[in-house]
Each structure stands twice: as C-alpha cells, then as structure tokens.
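Structural overview
Residues per chain, in single letters:
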Amino acid sequence: LDLLLAARSLPYPFVTTIHITRSAKNLGARFGWLRDWLTEKILVKSGLDIITVSSEMRRLLIERLGNTEKILRRVHVVYNGVRCEGQTDLDTRKRIRAEWGIQDYTPVIGSVGRMEEQKNPFFFLELVSGLVSKGKLKKAVWIGDGRLRPEITQRCKETGMSVILHIDGWRNDVIDRLRAIDIFILPSRFEGLPLALQQAMCAGLPVCASDVDGMREAIEDGVNGYLCQPDDKEQWLDKISDLLGNR
C-alpha cells in the first residue's frame with residue numbers, strides 16, 4: 001500500500017497487485033482489524049481504479065469499501081486467464097507417472113497449489129484416505145509446496161499414506177503434470193479465480209472444486225465439473241467416487 005501511494009506521484013501509468021479482497025480480520029491475521037482499516041482508508045482515498053479477478057471478488061470489495069456510486073465506477077472485473085498449451089504426448093504422460101510410481105492404467109486424483117491453510121491440504125489428505133478406505137483410489141498427487149509440507153509429510157507417515165500421496169513440489173511444467181493425472185481436486189477455503197483451476201480445465205480434466213467465490217464463475221455444477229461445500233467430506237467423497245467410476 002505504501003508503494004501504491006508512492007507510485008501515484010510518478011508521471012507513469014502503473015499496475016500493482018494487492019491481495020486484499022478478503023478481510024484480514026476474518027482470516028485471523030495478526031492486527032487484522034488495523035490492517036483492514038488502513039487498507040480500506042487508503043484504497044478509498046487513492047481515487048485509483050481497482051481490478052478484481054472475478055465478479056464475486058468485485059462484490060466483496062465494493063461491500064468493504066462502501067457501496068457508493070463513486071466506488072462502483074472504480075472497481076472493474078478482468079478475469080484471470082491462462083494460455084491453453086498443446087497436448088501432452090503419451091510418452092510424456094507415461095514418463096511423469098513413472099516418476100510418481102504410478103502404473104499407466106491406475107486412476108489418479110491430484111491438486112495444484114501452495115501447501116497453506118487456504119488451499120486446505122489436510123482436508124485433501126482426508127479425502128484421499130477416505131477414498132482409499134472405500135477401495136476407490138490407489139494414488140494421489142499434490143503439485144506444489146509450502147509451510148505445511150512438513151506437517152503433511154509427517155501425517156502421511158503416521159497414517160501410512162506415504163505410499164499413496166506423492167508430493168511433487170514446485171514445478172515449471174504444471175500443464176504436463178496435470179495431464180498425467182485423471183481428476184483435479186481443489187478444496188480451497190476461499191479463492192479469487194485460481195489459475196490452477198483454469199489450467200486443469202485446459203488440460204481437459206474433470207474437476208471437483210469448493211463452492212466458493214470465483215470458482216462458481218468457472219464451474220457450473222454437474223456440467224463442466226462438481227462444486228462441493230468446503231468441508232462436507234461425504235459430499236466430496238460421493239462426487240469424486242462418481243468421477244472415478246465414470247469411464
């Protein structure tokens with residue numbers, strides 16, 4: 001925010017990114033109420049145009065900044081987008097799955113994202129465990145890294161899930177890695193309009209995602225994916241099982 005204020009004095013156009021649509025207080029951030037107050041005060045007084053990545057994010061931001069005609073004119077939607085790259089050849093798919101220790105015919109579910117609370121990786125692990133216990137799944141992959149990785153790794157060791165869940169870490173070839181899995185899972189607690197979701201759709205994967213925020217603007221439930229309540233484990237297991245059983 002201080003850089004934003006400083007940039008206003010420059011004789012050049014500028015664009016900056018601030019992850020502020022969600023209230024810091026509601027997210028449990030330290031001094032959240034103060035951060036929210038400063039953010040809202042500065043953004044309102046800046047007079048700058050603001051871009052959000054989904055219509056739901058625009059609604060939430062307008063609600064925070066005051067639903068006035070002036071604010072309505074300043075907040076715009078420009079959807080996140082990704083470039084759909086060419087098809088991954090079968091040899092690449094087989095090579096990646098071999099790296100993961102997966103036989104080519106084994107159905108695999110996977111996710112992409114930071115291992116942080118927002119992305120709900122422990123819930124993902126619960127889903128994997130539930131599907132394994134039902135005899136529906138033998139392998140899952142998480143593409144990404146983050147602060148919760150050591151805890152996830154320890155939980156996998158304690159529960160015997162280390163042989164089931166492969167943590168792929170940070171990757172520069174995400175589209176190829178996505179095309180090596182079969183079903184994409186995104187159990188986030190909140191999102192703007194995640195690039196990982198769009199990359200999975202570009203890769204032609206069936207999607208099961210949380211029914212939150214901008215996800216609803218990309219997924220029509222039952223048409224191009226499934227939307228589930230963030231922590232309704234049984235609903236997630238039913239939808240994923242349905243996809244795993246649908247050739």
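An account of the accompanying structure is given in this report. What you see is a predicted model; the values in this text were computed from it and never measured.

Let us look at the nonpolar core. Formed by 29 residues in total, the largest nonpolar core has its most connected members in Ile 109, Leu 165, Ile 185 and Ile 240. Sorting the residues of this core by element identifies helix 6 (121–133), strand 4 (139–143), helix 7 (149–159), strand 5 (165–169), strand 6 (183–186), strand 8 (226–228) and helix 11 (233–244) as the ones contributing at least two each. Looking at which element gives the most residues to this core, the answer is helix 6, with 7 residues. With residues near it in sequence (within four places) discarded, Leu 165 still touches Phe 124, Leu 125, Ala 140, Val 141, Trp 142, Ile 152 and Cys 156. Counting residues in hydrophobic clusters, the runner-up holds 26 residues, among them Ile 143, Leu 178, Ala 209 and Leu 227.

This paragraph deals with the environment of Arg 93. Inspection of the secondary structure puts Arg 93 in helix 5 (residues 90–99). Sequence-wise, Arg 93 and Phe 122 are 29 residues apart; in three dimensions their C-alpha atoms are separated by 27 Å. When sequence neighbours within four positions are dropped, the list of residues in contact with Arg 93 reads Thr 88, Asp 104, Arg 179, Ala 180, Ile 181 and Asp 182.

This part covers the layout of surface pockets. Put simply, the second largest pocket is a space of about 390 Å³. In terms of lining residues, the second largest pocket is bounded by 15 residues, among which Pro 107, Leu 243, Leu 244, Asn 246 and Arg 247 are the most central. Mapped onto the lining of the second largest pocket, the elements with two or more residues apiece are helix 5 and helix 11. The element best represented in the lining of the second largest pocket is helix 11, accounting for 3 residues. Per-class residue counts for the lining of the second largest pocket are 7 nonpolar, 2 polar and 6 charged.

Parameters and conventions
- Residues numbered from 1 in each chain as written.
- Predicted model: local features only at pLDDT ≥ 70, side-chain atom pairs only at ≥ 80, totals over all residues.
- Heavy atoms only, no water.
- Core = buried A, V, L, I, M, F, W, Y, C linked by side-chain atoms within 4.5 Å.
- Buried < 20%, exposed > 50% of the residue type's maximum accessible area, 1.4 Å probe, protein only.
- Helix = DSSP H or I, 4+ residues; strand = E, 2+ residues; numbered from the N terminus.
- Contact = heavy atoms within 4.5 Å.
- 1 Å grid on protein atoms, 1.4 Å probe; cavity = no way out; pocket = protein on both sides within 12 Å on 5 of 7 lines; lining within 4 Å.
- Points joined across faces, edges and corners; volume = space filled by probe spheres on them.
- Nonpolar A, V, L, I, M, F, W, Y, C, P; charged D, E, K, R; others polar.

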